[in-house]
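What the coordinates show
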Amino acid sequence: MKILACLDGTNAEAMGHAARMFAGAQPLTIGLLTVMDVGPRKAIDRTRERFWRPPMHRQPVIQEMLAAEKEACQDILKAGLERLPEAESLLRQGYPELELVNAAADWKADVILICPRAEYGAPPSLGPHSVGHVARFVLDHAPCPVMLVRPPAGELFPIKG
Amino acid sequence: MFLFFPLSELWRTLLTSTIGLLTLVGIMVRPFRWNESQIAMGGAAVLLLLGLIRPGDAALTLARDWNTFLFFLGMMALSALAETAGLFDWLAVQAARLAGASAARLFLNVFILGTLITMIFSNDATALILTPIVYVLVTKLRLPVLPYLFACTFIADTASFLLPISNPINIIVMSRFPLPLPTFLRLLLLPCLVVIAINLAVFYLLYRKQLKGSFNINHMPTLSQAVKHGPYFRYALGVLALVAPSYVLASAFQFPLSMVAVAGAALLLAGGLGWKRTTLLETCKGVSWSIFGFIAGMFVVVRAVEDTGLTVKLGNLLLHLSGGTSFGAVLAGTLGSALGTNLINNVPMAVVMNSALGSVQHATPAIRNGFVAATMFGCDLGPNLTTVGSLATILWLLILRQRKLEVSGLDYFKVGVIVTPLMLLAGACTIWLCL
């Protein structure tokens, strides 16, 4: 069984727990995937276009931006590997939502593990807006079953009608 | 050509307005990936070749706006040289140090930093230079990038009317409708502070979940990493400490602001060359030369259209829409400029509005000032509506979504749609109250 765990920089522990639920499956291959998001760089390029400037790739600062992104991604994968040392790490570049489903197809994943959205210290939330656009896209377009790994939110229950 | 052949006034008007319209549409859709500069200069060249504007008139129009051209040159060179000195990197690191490891406080500091840079260097420096620096900083600090990225790109436009030099659009408008500094500040300072507060509050609300956390100060770059050459950095700080009050003094005495910008850039360049921190070629690369062709082309095209009386009609329409009240003037000026700026970019819109406002010269001072302030306000702030790109980009993103291929780009667009109308409305009301 091939499990693809999507890391967003805030969910290494949750992914570790979720992946271990499949420990009984043999043979088991776990892939840790993170994506270098090109969205912000493209947004900067579009702003540059508005100010009649050439795209970022001709600027020296792009090297610094790429180096910082790469370092951050390696840290994210490292944190994942600390929880799942047997896993293989995958790094892709592009729009996260597209790269996640394409990587799952390329890697022939049997299950995708994904969190609803990156959590930066805010308490967990439930409801229609609790799934971010990346996870929503993956749920809509995944080539295999998807397991949505929610943070524990027992204190929010019971939900009243 | 038609200067040498008899052509009725109607035909001249039809031809000129068709070429003017095609130029604006060309800028909007950019066929065959032509850039705006080629399209604007092409429109001007066709008008000149057909004799629909006299070469002497075109030359006079360009000569009259020398202050605008020089200001663009000085402003871009000044920002590029300050960047070379490491000023923006140093300021960004200081913003992070003062945040005390709090993501929310860093967000506030980025807003304040963007405001100060826009005020002194213009929106160009914040949008183009500060944004990638902040991007690298927050990536290193392992913070979510988007809130900070939007903070930079939005504040570049939101803080654009703190001072006349905060956006070149203000220089374009004030070249035709000069406002004494006290009047400028009376009309636009409070509205600017109001929209900055709205921008900050809405962004805090939108990104409250991403800004909850803290960052590890060990990931923060040191100040010495930001400053690559101490003596040039200190020299640059000294020059800028002179330039900032000089801008205010020049505005107060209606001295050409371009002279201050160019003199500041020349001093920074001299220091950069002396310490071998830059070369003339390197500095020239920091200047967007195509903008000069674009502005020159637009000035000529709009002048030709103005001669047909069409822009006066647009001005009369605005005056009619205002209902002859100062509130109507502010509202019509703001909405007209803001919508136009999202269709054809803010520079051509400012040039068109400048020409149209010729017909409000004889209105009451409150209506005239209302239109002038609203034009600067709408053209400065309007681009925030589609801040990530032109209308064409947004249409492309909408088409992708229709094809069920959802990409993050539209989420970028949503932010502008949420916050900009609110800021335009609140700012317009405040301008009216300040009239």
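Preceding block: the structure.
An account of the accompanying structure is given in this report. Residue positions are given per chain, counting from 1 as you read along its sequence in written order. All chains are assigned letters beginning at A, and all ligands numbers beginning at 1, according to the order in which they are written. In view of the model being predicted, local features appear only for residues whose pLDDT reaches at least 70, and side-chain atom pairs are presented and counted only at 80 or more, with totals across whole chains, interfaces and linings using the full set of residues. To obtain the side-chain values, all non-hydrogen atoms of the structure were used and water was disregarded.

1. Focus on the overall build of chain B
The following threshold applies: The helix and strand labels rest on DSSP assignments: H or I over at least four residues marks a helix, E over at least two residues marks a strand, and numbering proceeds from the N terminus. Our radius of gyration looks at C-alpha atoms and nothing else; its globule reference is 2.2 Å times the residue count to the power 0.38. For every residue, the accessible area obtained with a 1.4 Å probe (protein chains only) is divided by the maximum for its type, and the residue is called buried under 20%, exposed over 50%, and partly exposed between those limits. Any pair of residues with heavy atoms lying within 4.5 Å of one another is described as a contacting pair.
Scanning chain B for helices and strands turns up 21 helices and zero strands. Its C-alpha radius of gyration of 22 Å places chain B within 12% of the 22 Å reference for a compact globule of 435 residues. When each of the 435 residues of chain B is scored for burial, the buried share is 57%. Contacts spanning at least 24 positions in sequence make up 81% of the contacts within chain B whose residues lie at least 6 apart.

2. Observations regarding the packing of helix α17 (residues 326-344) of chain B against helix α18 (residues 346-356) of chain B
All names here are of chain B. The test is simple: Axis definition: a line fit to C-alpha positions, over the contact stretch in the case of helices; interaxial angles, taken between N-to-C directions, run 0 to 180 degrees. With respect to orientation, any angle under 35 degrees is reported as roughly parallel, any angle over 145 as roughly antiparallel, any angle of 65 to 115 as roughly perpendicular, and every other angle as oblique. A clockwise turn of the near helix away from the far one marks a right-handed crossing, whereas an anticlockwise turn of less than a right angle marks a left-handed crossing. Basically, the charged four are Asp, Glu, Lys and Arg, the nonpolar ten are Ala, Val, Leu, Ile, Met, Phe, Trp, Tyr, Cys and Pro, and anything else, Gly included, counts as polar.
Two elements in contact, α17 and α18, have axes whose closest approach is 7 Å; the angle formed by their N-to-C orientations is 140 degrees. Viewed along their axes, α17 and α18 adopt a mutual orientation that is oblique. As for how α17 packs across α18, the hand of that crossing is right-handed. Each of G333, G336, S337, G340, T341 and I344 in α17 lies in contact with α18, whose residues at this interface are N346, P348, M349 and M353. For the contact of α17 with α18, the residue count by class is four nonpolar, six polar and no charged.

3. Focus: the sheet that holds strand β1 (residues 2-6) of chain A
In any sheet, the strands associate via hydrogen bonds between backbone groups, in a parallel or an antiparallel arrangement. All names here are of chain A. Using the following cut-off: Pairing between two strands is assigned when DSSP locates at least 2 bridges connecting them.
Reading across from one edge, β3-β2-β1-β4-β5 is the order of the five strands in this open sheet, with parallel pairing throughout. Of all the strands in the sheet, the pair left with one neighbour each is β3 (88-94) and β5 (146-148). Along the sheet, successive strands turn relative to each other by an average axial angle of 25 degrees, direction set aside. On the sheet, helix α1 (residues 12-20) packs against β1, β2 (29-37), β4 (111-114) and β5 and is oriented at approximately 150 degrees with respect to β4.

4. Here's the deal with the packing of aromatic side chains
Residue and element names in this part refer to chain B. Stated formally: Here is the rule: rings of Phe, Tyr and Trp (six-membered ring for Trp) pair when centre to centre is within 6.5 Å. Planes less than 30 degrees apart are stacked, more than 60 are edge-to-face, and the remainder are tilted.
Tallying each qualifying case throughout the model produces 18 aromatic pairs over all chains. Judged by centre distance (6.1 Å) and plane angle (80 degrees), the rings of F111 and F203 are edge-to-face. Placement of the pair is F111 in helix α6 (residues 103-121) and F203 in helix α10 (residues 181-206), with a sequence separation of 92 residues. In terms of burial, F111 and F203 fall into one category: buried.

5. Observations regarding the nonpolar core
Basically, it comes down to this: Remark: nonpolar core denotes a set of buried residues (Ala, Val, Leu, Ile, Met, Phe, Trp, Tyr, Cys) joined through side-chain atoms within 4.5 Å.
Ranked by size, the top nonpolar core spans 138 residues in total, and within it L106(B), F121(B), Y148(B), L188(B), F203(B), Y247(B) and F377(B) carry the most contacts. With 11 residues, the top contributor of residues to this core is helix α7 (residues 123-140) of chain B. Leaving out residues up to four positions away in the same chain, F377(B) has contacts with F161(B), L188(B), V195(B), T334(B), G382(B), M423(B), L424(B), G427(B), A428(B) and I431(B). Judged by nonpolar contacts, the second largest core, of 21 residues, contains C6(A), Y95(A), A104(A) and I114(A).

6. With respect to the environment of V287(B)
Residue and element names in this part refer to chain B. You can see V287 is positioned in the loop between α14 (280-285) and α15 (290-308). Classification of V287 by relative accessible area gives buried; the value is 8%. Sequence separation between V287 and M76 is 211 residues, and the spatial gap between their C-alpha atoms is 5.5 Å. In contact with V287, other than residues within four places in its own chain, are L73, M76, A77 and F292.

7. Observations concerning the state of the cysteines
Defined as follows: What counts as a disulfide here is a pair of cysteine sulfur atoms lying within 2.5 Å.
In the structure shown here, the tally under the stated rule is zero disulfides over all chains. With no disulfide partner, C144(A) has as its closest neighbouring cysteine sulfur the one in C6(A), 9.1 Å distant. Overall, C144(A) belongs to the buried group, its relative accessible area being 13%. Lacking any disulfide linkage, C152(B) is separated from the closest cysteine sulfur, that of C192(B), by 16 Å. Look at C152(B) and you get buried, because its relative accessible area is 0%.

8. Considering the side chain of S79(B)
Residues and elements named next belong to chain B. On the secondary structure map, S79 appears in helix α4 (residues 66-84). Residue classification places S79 among the buried positions, given a relative accessible area of 1%. Among all residues touching S79, those that are not within four sequence positions of it are F88, F121, A125 and I129.

9. Section: the interface of chain B and chain A
Applied cut-off: Salt bridges, as used here, are contacts in which a Lys or Arg side-chain nitrogen is within 4 Å of a carboxyl oxygen on Asp or Glu. Pairs of N or O atoms within 3.5 Å make up the polar contacts considered here, provided that, within protein, one atom can donate a hydrogen while the other can accept it, and that residues adjacent in sequence are counted only when both atoms are side-chain atoms.
Counting residues at the interface gives 46 residues for chain B and 34 residues for chain A. Applying the counting rule to chain B against chain A returns three salt bridges. Of the charged contacts, one joins R142(B) and D75(A) as a salt bridge, the two residues approaching to 2.6 Å between their closest N and O atoms. Counting across the chain B and chain A interface gives five residue pairs in polar contact (both at pLDDT 80 or more). The set of elements that each furnish at least two residues to the side of chain B that touches chain A consists of α7, α8 (145-158), α15, α18 and α21 (409-434) of chain B. The element contributing the most residues to the side of chain B that touches chain A is α7(B), with 10 residues. Of the residues that constitute the side of chain B that touches chain A, the class distribution is 18 nonpolar, 17 polar and 11 charged.

10. Points about the packing of α17(B) against helix α19 (residues 365-381) of chain B
Residue and element names in this part refer to chain B. Where α17 contacts α19, the two axes come as close as 7 Å, and the packing angle between them is 25 degrees. When the axis of α17 is compared with that of α19, the two are roughly parallel. Pair α17 / α19 crosses with right-handed handedness. Here S326, A329, V330, A332, G333, T334, S337, A338 and T341 of α17 come into contact with α19, specifically with A366, I367, G370, F371, A374, T375, F377, G378 and C379.

11. Re unusual backbone geometry
As a rule of thumb, non-glycine residues mostly have phi less than zero, and peptide bonds are mostly trans rather than cis. Between Q26(A) and the following residue, P27(A), the backbone shows a cis peptide bond with an omega angle of -5 degrees. Within the secondary structure, P27(A) is located in the loop between α1 and β2. In this model, F157(A) is joined to P158(A) through a cis peptide bond whose omega is 0 degrees. Here P158(A) lies in the segment after β5. One non-glycine residue, Q254(B), lies in positive phi territory at about 55 degrees.

12. Considerations on the pattern of salt bridges
Enumeration according to the criterion identifies eight salt bridges over all chains in this entry. Between R41(A) and E69(A) there is a salt bridge, with its nearest N and O atoms 2.7 Å apart. Of this pair, R41(A) sits in helix α2 (residues 39-50) while E69(A) sits in helix α3 (residues 61-83); the two residues are 28 residues apart in sequence, bridging distant segments of the chain. In this pair, the class of R41(A) matches that of E69(A), namely buried. Connected through salt bridges with shared partners, the residues E71(A), D75(A) and R142(B) form a single ionic network.

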